[in-house]
Amino acid sequence: MDSFKNLLNNLTASQRNLSSSLSKSRTQATIILLVTIALFFFFSASDTSPTTTTNTTDLTSGLHSATTFISSLPSMLSSNTHLVYNSSGTCSVTAKGQECHQNVTETGEVGISTCDIFDGQWIADGSGPLYVPGSCPFIDDSFNCFNNGRTDSGYLKLRWKPHGCHIPRFDGLKMLEMLRGKRVVFVGDSLNRNMWESLVCALRASLYNKSRVFEASGRRQFRAQGFYSFRFKDYRCSIDFIKSPFLVQEWKIADKAGTRRETLRLDMIQGSSRKYHDADIIIFNTGHWWTHQKTCKGNNYFQEGNHVYTRLEVADAYTRALKTWAHWVDSYVNPSRTRVFFRGYSASHFKGGQWQSGGNCDGETEPITNETHLAPYPWMMSTLESVIAEMKTPVFYLNVTRMTDYRKDGHPSIFRPTKAHNTGRNPGMIQDCSHWCLPGVPDTWNELLFATLLTSHHSSIN
């Protein structure tokens, strides 16, 4: 700690010689030093909470990177800082772009390149999935495409490759060591359940004795209360999921006739929040439930206090809900103990209608390769980025939207439990073109989570 204090004093002195625009005048050594110190103060278990800055420019383009946290040195590092893991060095990024500082080579040269781990492409990969299809007993029947009769395997042989940098292969044993004695909680909708099950299966696959993983809560309780937990006994860690599709509280109110009807309290975080506010890692998401018919119409559904809005646009309601979530995080989550992640919107690929009206995606076995066929960037993510930028709590932003948009081949489609081992489309059947097969795309999300934790782990011990 004393050594870092001395470094900080030296930086304070040298700051007087810097111009107001650090992006053009700081030297490479200064950048590395500043990022190292910022990482140390954020990730070390100190009693001092980082101060914040809300100066953010060009959010839509600036936050498309691995992680986002508000700088603990606002006078020296403007805007938001992002981190990714690079096998040959470290990467730091500001709102205007990312720089990867590689290790010095034998010739004394330093390689520097721009790098955004969510800007890349899916490439053929022969290493195979993180766990054998059909091998994990914890996968929801709805996500278990292999057991439900899907025979093609091309969707399992793709790996995400960012332009300009490398993400490490998922190492379950190494991640379990980083999670030793800790609690990880996924909070959100069934797409977060997709990611949670993927992580549990990937970690389990790394263990020799798989009986040392056990269910801490029964499936009946999970379905009734929206809570489920797996414990890795030898590492004293748990990986939990808490259902909260809106993050704010679903509610009921009586009308004048005494009939109780559903509303959504935009001003109240879901009550289950008291179960996880002190977890070591929390991974939030919300999005798909805001596209449902009742939510989109917004008629007599959204509520604040005792007031139910006769009509409220869903974009306005979503913004208010996210601000309620952000206020709760800033008020109740201790950033010196808990790391907060928010996973972005996961793309759907319905053709010919939505899930309840004949939408389909069966027969898709290849990802999209032409970028002009990708969907526009969702408005919900631009709203999320604006809300995160105003928070005082560091929030790691996992922006999976674009990378998932390519993967029209990765959904369960017709391979659902009601039609198990039936590879043909049936009239009137509902296809799933929102969730993902497991193994599959959510495994990559956990690789990115692993890369982020690996970066912070290395920074905290160096």
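Residues numbered from 1 in each chain as written. Predicted model: local features only at pLDDT ≥ 70, side-chain atom pairs only at ≥ 80, totals over all residues. Heavy atoms only, no water.

- As recorded in an unreviewed UniProt entry, the chain goes by Trichome birefringence-like N-terminal domain-containing protein and comes from Escallonia herrerae.
- Turning to the chain, the UniProt annotation filed under Subcellular location (unreviewed entry) states: "Membrane". (UniProt positions renumbered as here; feature names shortened; annotations may be inferred.)

**A look at the state of the cysteines**
In step 1: Using the criterion set out here, one finds three disulfides in the structure.
In step 2: The disulfide partner of C145 is C437, and the gap between their sulfur atoms is 2.0 Å. Linking C145 and C437, the disulfide has an S-S dihedral of approximately -85° and is accordingly described as left-handed. Of this pair, C145 sits in the loop between β6 (120-124) and β7 (158-162) while C437 sits in the loop between α11 (401-405) and α12 (441-461), placing them 292 residues apart in sequence. As far as burial versus exposure is concerned, C145 and C437 are alike and both buried.
In step 3: Here C361 engages in a disulfide with C433; their sulfurs sit 2.2 Å apart. Disulfide C361-C433: torsion about the S-S bond near -100°, hence left-handed. Note that C361 is positioned in the loop between β17 (339-343) and α10 (379-389) and C433 in the loop between α11 and α12, a separation of 72 residues in sequence. (Disulfide = S-S within 2.5 Å. Helix = DSSP H or I, 4+ residues; strand = E, 2+ residues; numbered from the N terminus. Buried < 20%, exposed > 50% of the residue type's maximum accessible area, 1.4 Å probe, protein only.)

**Remarks on the sheet that holds strand β18 (residues 395-398)**
In step 1: Within the open sheet, the seven strands sit side by side as β9-β10-β11-β8-β14-β17-β18. Their pairing is mixed. Strand pairing shows two members of the sheet lacking a second neighbour, β9 (213-215) and β18, which therefore form its edges. Pairwise comparison of adjacent strand axes, ignoring direction, gives a mean angle of 20° for this sheet.
In step 2: As paired elements, β9 and strand β10 (residues 227-232) share three bridges and run antiparallel to each other. The residue bridging F214 from the neighbouring strand is R231, located in β10. (Pairing = 2+ DSSP bridges. Axes fitted to C-alpha atoms, helices over the stretch in contact; angles between N-to-C directions.)

**A closer look at the nonpolar core**
In step 1: M175, L179, F186, L203, F232 and I239 are the most contacted members of the largest nonpolar core, which has 55 residues in total.
In step 2: Of all elements in the fold, only α5 (172-178), β8 (183-188), α6 (190-205), β10, β11 (237-243), β14 (281-284), β18 and α12 reach the threshold of two or more residues within this core.
In step 3: Looking at this core element by element, the count peaks at eight residues for α6.
In step 4: Excluding residues that lie within four positions of it along the chain, I239 makes contacts with L179, V184, F186, W196, L199, V200, L203, Y228, S229, F230 and F232.
In step 5: Ranked by size, the runner-up nonpolar core spans 40 residues in total, among them L266, A279, A321 and M380. (Core = buried A, V, L, I, M, F, W, Y, C linked by side-chain atoms within 4.5 Å. Contact = heavy atoms within 4.5 Å.)

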